[in-house]
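# Tertiary structure, described
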Amino acid sequence: MPKKKWTSRRVTRDIIILLVALSAAVIAPVAYLASQARLEISEQYIQKASNQAVSEFLAVSGAMESTLGLTRDWGANEAFAIDNLDDLTRLLFPILKREPLLNGVSVADLRGDSFYVHVAEDGYRSRQIATVRGARRAEETRWTAEFEAAETIATNSAFDPRQRPWFAPALASDEIHWTEPYKFFTSGEVGVTASASYVRKKDDQRVVIAFDVLLDDLFEAIAALAPSENSQIFIFRRDAKLYIPESADLQSEFIPIAEASDALARKVHANWLNDRQLIDNVVSVQHDGRVWWCGVRPLDADRRTTWICVMVPESDILGHAGQRSKRLWLIGISSILAATGLAFWMLRRCLLYTSDAADEYQRV
């Protein structure tokens, strides 16, 4: 074989090997960095979404606690009394109107006398209970949306505020107490209650004030923060019960997660239970051929009894990660093209040099 032909093949082979090695050296880290970008952006996306959902709850609870504290101060300074309907409605109706998620307000004392007002479909309903000659009598009033009394009915009542989950905890300390979700006595709907107490000056007895929030209303406010069109949010308790909002077929309630029809929620909860380290972390699960990224956060950071989970399909997130991956692949491909161009330039120079050297050798 002529030396010129053999040298050209060897140079071409070496350049091709170098080019393949260089391409592999570029593609491998680019693929890894693109994968890491997808993972990092997915985690950041879910963390932001789940933290925002919890922040919405904290904003609601903070506003409620502030208003509840103010109402407690009014009671301590005798701005209203349980048996004074005029003062109660004058002060409490504006609070109900101002706080969109506030469903009802209760005021109750140690005798079991109480006043309760809540939002109804056509206005407001109130119930004032007093003990008269050993019997518990209630006056139930229907109010218009303009806070005008439309109808009052007097009945006997078996309602005892002292048996409700918000009463005793409020007496135990001067702090504001939040209940776990439970069914309200009047409507049967599921909600949470914030309660606090003050000392009544006339008899030095404690009185409890309680604010009710429907979980459906809270869930709707949180669900409105869903980060994408296909994302889902659900709420569950530490006792493995999932919250089901009210629908045309079902009343809102907590049901065992094992009985839930939502297979994705069951799978996410199983992952959450299977690893204690996943409590506040982001996890991914495979469901129906799709990857879902999920973030779980406690609604109450201290007791950690009720949790919220935000679930987003990876396809909804890839648009955010795609831009970074596109840039990485663009850099990688540009590097390979540049290396290829350089390799061909070097090959051409080597071939020219080899050809010139061979011609010169033959002349000699």
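In this report, we go over the structure that sits alongside the text. (Residues numbered from 1 in each chain as written. Predicted model: local features only at pLDDT ≥ 70, side-chain atom pairs only at ≥ 80, totals over all residues. Heavy atoms only, no water.)

### Points about the environment of V192
Formally: Secondary structure elements are defined from DSSP: runs of H or I of at least 4 residues count as helices, runs of E of at least 2 residues count as strands, and each element is numbered from the N terminus. Note on definitions: a residue-residue contact is assigned when non-hydrogen atoms from the two residues lie within 4.5 Å.
Mapped onto the fold, V192 is located in strand β8 (residues 190–200). Once the C-alpha coordinates of V192 and P165 are considered, the two residues, 27 residues apart in sequence, prove to be 9.8 Å apart. Those residues within four positions of V192 in sequence are excluded, and the remaining contacts are W178, T179, E180, P181, F184, F211, D212, V213 and L215.

### Some words on the packing of aromatic side chains
Rule in force here: Stacked, edge-to-face and tilted labels apply to pairs of Phe, Tyr and Trp rings (six-membered ring for Trp) whose centres lie within 6.5 Å, assigned for plane angles under 30 degrees, over 60, and everything in between, in that order. Classification of residues uses two cut-offs on accessible area relative to the type maximum, computed with a 1.4 Å probe and protein chains only: under 20% is buried, over 50% is exposed, and between them is partly exposed. Placement of a charge over a ring requires the Lys NZ or Arg CZ to be within 6 Å of the ring centre, with the centre-to-atom vector within 35 degrees of the ring normal.
Counted according to the given criterion, the structure contains eleven aromatic pairs. Arranged with centres 6.0 Å apart and planes meeting at 55°, the rings of F219 and Y243 form a pair that is tilted. Pair noted here: F219 is in helix α4 (residues 215–223) and Y243 is in strand β11 (residues 241–244), with a separation of 24 residues, a long-range link. Residue F219 is classed as buried on the basis of its relative accessible area of 13%. Taken together, the ring pairs in this structure connect F93, Y124, W143 and F147 into an aromatic cluster. Here the basic side chain of R127 rests over the ring of F159, its NZ or CZ set 4.2 Å away from the ring centre. For R237, the ring lying beneath its charged end belongs to F254, and the centroid distance is 4.5 Å.

### Section: the pairing of strand β4 (residues 135–143)
The condition is simple: If DSSP finds at least two bridges between two strands, the strands pair.
As paired strands, strand β3 (residues 123–132) and β4 are joined by nine bridges and run antiparallel to one another. Residue A130 lies in a different strand from β4, and its bridge partner there is R137. Linking β3 to β4, which pair antiparallel, is a turn of two residues; within it R133 sits at a positive phi near 50°. In the sheet, β4 pairs with strand β5 (residues 149–156) via seven bridges, with the strands oriented antiparallel. Along β5, the bridge assignment pairs R137 with N156. A loop of five residues connects β4 with β5, the two strands running antiparallel in sequence, and F147 in this loop sits at a positive phi of about 65°.

### Considerations on α4
Test applied: The arc in question is traced by the directions running from the helix axis to the C-beta atoms.
Taken together, the buried positions of α4 are occupied by L215, D216, L218, F219 and I222. Buried residues of α4, seen end-on, are gathered within an arc of 160° and therefore sit on one face of the element.

### Re the environment of M311
Considering the arrangement of structural elements, one finds M311 in strand β15 (residues 306–313). Residue M311 is classed as buried on the basis of its relative accessible area of 1%. The sequence separation of M311 and S231 amounts to 80 residues, and the corresponding C-alpha distance is 5.5 Å. Non-local contacts of M311, meaning those with residues more than four positions away in its chain, are made with S231, Q232, F234, L264, V268, W292, W293 and C294.

### Regarding the environment of P245
For P245, the position within the fold is in the loop between β11 and β12 (253–256). Taking the C-alpha atoms as reference, P245 lies 9.4 Å from F234; in sequence the two are eleven residues apart. Aside from chain neighbours lying at most four places away, what touches P245 is D216, F219 and S252.

### With respect to the nonpolar core
Selection rule: Among the buried residues, those of types Ala, Val, Leu, Ile, Met, Phe, Trp, Tyr and Cys that are joined through side-chain atoms within 4.5 Å form a nonpolar core.
If you look at the biggest cluster of nonpolar residues, it comprises 51 residues, and the most contacted ones within it are M64, V105, V107, I209, F211, L218 and I308. The element that contributes the greatest number of residues to this core is helix α1 (residues 3–76), accounting for nine residues. Every residue in contact with V107, bar those within four places of it in the chain, is listed here: F80, I82, L88, L92, D113, S114, F115, V207, V208 and I209.

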